[in-house]
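Fold and contact review
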Amino acid sequence: MYETLRNILVDTLKVAPEQITPDATKDDLDLDSLAFVELSMVLGKEHGLHISDDELFDMETVGDIVALMEERAGTGR
Amino acid sequence: MTGLDVAVTGLGLVTPGGVGVDAGWAAVLAGRSAAAHDPVSAGHEVTISCRVPGFDADALLGARRAVRLDRFSALALVAAREAVAEDDVTAEDAARVGVVIGTSAGGGATFERQHGVLLADGPTGVSPLVLPMHLPNMVAGQLAMEFGLRGPNLVVSTACASGATAIGVACDLLAARRCDVVLAGGVDALLNPLTMAGFARMGALSRRDDPATASRPFDVDRDGFVAGEGAAVLVLRRAEDARADGRRVRARVVGYGATADAHHITNPHPDGRGVIAATRAALADAGASPADVGHVNAHGTSTQLNDLVEGRVLAELLPSGPLVTSTKGVTGHMLGAAGAAEAVFTVLAVERGVVPPTANLTTLDPRLELDVATAAVRRRVDLALSNSFGFGGQNAVLAIAKA
């Protein structure tokens, strides 16, 4: 899931790859609320992971988002 | 007479002639048309357009920045960076620095693309960036964010007069002392399928087989314009301030006339009444007579009606016979950018004493008694006019004088 998230951040949101680490926060990556809407859309449409932008926005770090993605994938939602 | 006297202290240009003032000016002087068949319009009635060659927003602005910009904002940002590199407005009191940009439709390409997404995927497929990318005002906002400029921040829309109107409004802000510096210009990037189809359906576009000869202002065989894209930004200051600061002044904007034909949605008034009034207003601002005009960068779209009405007005109003040119033979019609880009070309003509040619003019329409440049002409020009007219009958004429 980390690689999936990393690829979305790089390909869709154009975040520099070297900035992305498990501990990076949304401030570190300069991700605003619109970015989380985009992220939510790509996760749902391309990966079948239905996580709202509000849920994503509440996460502190990249690692937290990955954990949420894994949890959601595991529940099959 | 208002005694308008505004110094041009920075220039930035992105045109189908290339990225940068030097590239655009060289293309115009060479009379080298930038028109080509455009894959975006493949299968349309008309497939010719004038794109900016080699414009790579990711490389020029950074991918992170570019991904949130419609092409129209990206073009304007690149032009503004060039202008600001010449006159560093970031050194000013930011609250006194304004931005006025003209555009006919803002990020129309983004709007069109996202409408396609809406139809295909439904509302939840629509990008959250559609409005920040599409709204016309965003281009001025982007420039303000880029350079930290906190003065009046405006976008004006007068169709194909937008770029010239923006410069005129900027001059008014300076004259009223609401600003000390203004970034002013115009931009459009509307070579998207819907806009191109719309222009084609209204019969405005040239249908010649050969793109390079399609845009031919004032030629007897002209049959419509070639749509283009581009951006131009000028740094403007009160001339008295620029002189006091010892700044390099490229030329001065000394007059501005803005009028409406109040006549028809696309056609100019047959008597050219709006154009005549705008020209007289610009000359009155400048305290000049028609005999003082040495050069006119005409609107010169290459359509039957515009060129006929404009040409007749120029012949009637300016019997001294100024050297007339339309740079649209090279750039095509850059729509909301045209007036600003042509103001830049006029500044360069005045500054450097060279009037550029009208590309593709082979046989002047015999109904026009004009002295139209068909090759670059070295000539001192003390006062020039730059004409811009928009659908809806909106007219803007700028008077530009030697520094």
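What counts, and at which threshold
- Residues numbered from 1 in each chain as written.
- Chains lettered and ligands numbered in written order.
- Predicted model: local features only at pLDDT ≥ 70, side-chain atom pairs only at ≥ 80, totals over all residues.
- Heavy atoms only, no water.
- Helix = DSSP H or I, 4+ residues; strand = E, 2+ residues; numbered from the N terminus.
- Rg over C-alpha atoms; globule rule 2.2 N^0.38 Å.
- Buried < 20%, exposed > 50% of the residue type's maximum accessible area, 1.4 Å probe, protein only.
- Contact = heavy atoms within 4.5 Å.
- Areas by Shrake-Rupley, 256 points an atom, 1.4 Å probe, with all protein chains shown as cover.
- 1 Å grid on protein atoms, 1.4 Å probe; cavity = no way out; pocket = protein on both sides within 12 Å on 5 of 7 lines; lining within 4 Å.
- Points joined across faces, edges and corners; volume = space filled by probe spheres on them.
- Nonpolar A, V, L, I, M, F, W, Y, C, P; charged D, E, K, R; others polar.
- Phe/Tyr/Trp six-rings, centres within 6.5 Å; stacked < 30°, edge-to-face > 60°.
- Lys NZ or Arg CZ within 6 Å of the ring centre and 35° of its normal.
- UniProt positions renumbered as here; feature names shortened; annotations may be inferred.
- Buried area = accessible area lost by both parts, 1.4 Å probe.
- Salt bridge = Lys/Arg side-chain N within 4 Å of Asp/Glu carboxyl O.
- Polar contact = N/O pair within 3.5 Å; in protein donor to acceptor, adjacent residues only side chain to side chain.
- Core = buried A, V, L, I, M, F, W, Y, C linked by side-chain atoms within 4.5 Å.
- pLDDT = per-residue confidence, 0-100.

With that settled, the discussion passes to the overall build of chain B. Along the backbone of chain B there are 14 helices and 16 strands. Against the compact-globule benchmark of 22 Å for 403 residues, chain B has a radius of gyration of 20 Å, which places it among compact chains. Evaluated residue by residue, chain B yields a buried proportion of 60% over its 403 residues. Taking contacts inside chain B between residues at least 6 apart in sequence as the whole, the part at least 24 apart equals 79%. Surface accessibility of chain B: about 14100 Å² in total, with carbon and sulfur atoms responsible for 54%.

What the rule picks out here adds up to 1 cavity of 30 Å³ or more. Taken as a whole, the largest cavity spans an internal volume of roughly 40 Å³. Here the residues of the lining of the largest cavity sort into 8 nonpolar, 2 polar and 2 charged.

This part is about the packing of aromatic side chains. Where two aromatic rings form a pair, the distance of their centres and the angle of their planes describe that pair. With the rule as written, the count across this model stands at 4 aromatic pairs over all chains. With a centroid separation of 5.4 Å and an interplanar angle of 85 degrees, the aromatic rings of Phe36 of chain A and Phe57 of chain A are classed as edge-to-face. Taken as a pair, Phe36 of chain A in helix H2 (residues 33–47) and Phe57 of chain A in helix H3 (residues 53–57) lie far apart in primary sequence, 21 residues in all. Among the aromatic side chains, those forming a connected cluster through ring pairs are Phe199, Phe225 and Phe391 of chain B. Against the face of Phe57 of chain A rests Lys26 of chain A, its NZ or CZ located 4.4 Å from the ring centre.

Bringing the environment of Pro136 of chain B into the picture now. Residue and element names in this part refer to chain B. Relative to the helices and strands, Pro136 is located in the loop between helix H6 (130–134) and helix H7 (138–147). Remark: the alpha-carbon pair of Pro136 and Leu154, spanning 18 residues in sequence, is separated by 9.8 Å. Among all residues touching Pro136, those that are not within four sequence positions of it are Phe72, Thr103, Ala105, Gly106 and Val155.

Sequence positions flagged by UniProt for "domain: Carrier" (unreviewed entry) are, in local numbering, residues 1–73 of chain A. Helix makes up 58% of residues 1–73 of chain A and strand 0%, with an end-to-end C-alpha separation of 9 Å.

This brings us to the interface of chain A and chain B. With 14 residues of chain A at the interface, the matching set in chain B holds 12 residues. Roughly 950 Å² of surface becomes buried between chain A and chain B when both sides are summed, with 54% attributable to carbon and sulfur atoms. Of all residues in chain A, Lys14, Leu34 and Met41 of chain A bury the most surface against chain B, accounting for 50% of the area lost on that side. For the interface between chain A and chain B, the tally reads 2 salt bridges. Between Asp121 of chain B and Lys45 of chain A there is a salt bridge, and its shortest N-O distance comes to 2.8 Å. Counting across the chain A and chain B interface gives 5 residue pairs in polar contact (both at pLDDT 80 or more). Classifying every residue of the side of chain A that touches chain B gives 8 nonpolar, 1 polar and 5 charged.

Moving on, we come to the UniProt feature "domain: Ketosynthase family 3 (KS3)" (unreviewed entry) in chain B. Sites flagged by UniProt as "domain: Ketosynthase family 3 (KS3)" (unreviewed entry) map to residues 3–402 of chain B. For residues 3–402 of chain B, the helix share is 35%, the strand share is 20%, and the end-to-end C-alpha distance is 15 Å.

Ranked by size, the top nonpolar core spans 51 residues in total, and within it Leu11, Ile167, Leu234, Leu236, Val253 and Leu398 of chain B carry the most contacts. The element best represented in this core is helix H14 (residues 338–352) of chain B, accounting for 10 residues.

Let us look at the side chain of Thr346 of chain B. All names here are of chain B. The topology assignment puts Thr346 in helix H14. By relative accessible area, Thr346 is classed as buried at 0%. The residues touching Thr346, leaving out its near neighbours within four places in the chain, are Asn297, Ala384, Leu385, Ser386 and Ile400.

Here the focus is the confidence of the model for chain A. When pLDDT is low, close inspection of the predicted coordinates is not appropriate. For chain A, the average pLDDT comes to 93, and 96% of its residues sit at 70 or higher. Taken element by element, the predicted model of chain A shows its lowest mean pLDDT in helix H4 (residues 62–75) of chain A (90) and its highest in helix H1 (residues 2–11) of chain A (96).

With that settled, the discussion passes to unusual backbone geometry. Phi at Asp30 of chain A takes a positive value of approximately 55 degrees, unusual for a residue other than glycine. Here Asp30 of chain A is to be found in the loop between H1 and H2. The class for Asp30 of chain A is exposed, based on a relative accessible area of 59%. One non-glycine residue with positive phi stands out, namely Asn360 of chain B, at about 70 degrees. With respect to the helices and strands, the residue Asn360 of chain B is situated in the loop between strand E12 (354–355) and strand E13 (371–372).

With that out of the way, let us pick up the pattern of salt bridges. Two side chains of opposite charge can pair, provided their charged atoms sit close to one another. Residue and element names in this part refer to chain B. Enumeration over the complete set of coordinates arrives at 31 salt bridges over all chains. The closest approach of N and O atoms between Arg238 and Asp180, which form a salt bridge, is 2.6 Å. Placement of the pair is Arg238 in strand E8 (residues 230–238) and Asp180 in the loop between helix H8 (162–175) and strand E7 (181–188), with a sequence separation of 58 residues. Using a relative accessible area of 6% as the deciding quantity, one classes Arg238 as buried. Residue Asp180 is classed as partly exposed on the basis of its relative accessible area of 25%. Shared partners join several salt bridges into a network, and the residues in it are Glu86, Arg248, Arg250, Glu351 and Arg352.

Its volume calculated, the largest pocket comes out at about 810 Å³. Contributing to the lining of the largest pocket are 35 residues, with Arg113, Gln114, Val117, Ser127 and Met133 of chain B lying nearest its centre. Residue assignment for the lining of the largest pocket shows that the elements contributing at least two residues are H2 of chain A together with helix H4 (71–86), helix H5 (108–121) and H6 of chain B. The leading source of residues in the lining of the largest pocket is H5 of chain B, at 7 residues. Classifying every residue of the lining of the largest pocket by side-chain character gives 18 nonpolar, 7 polar and 10 charged.

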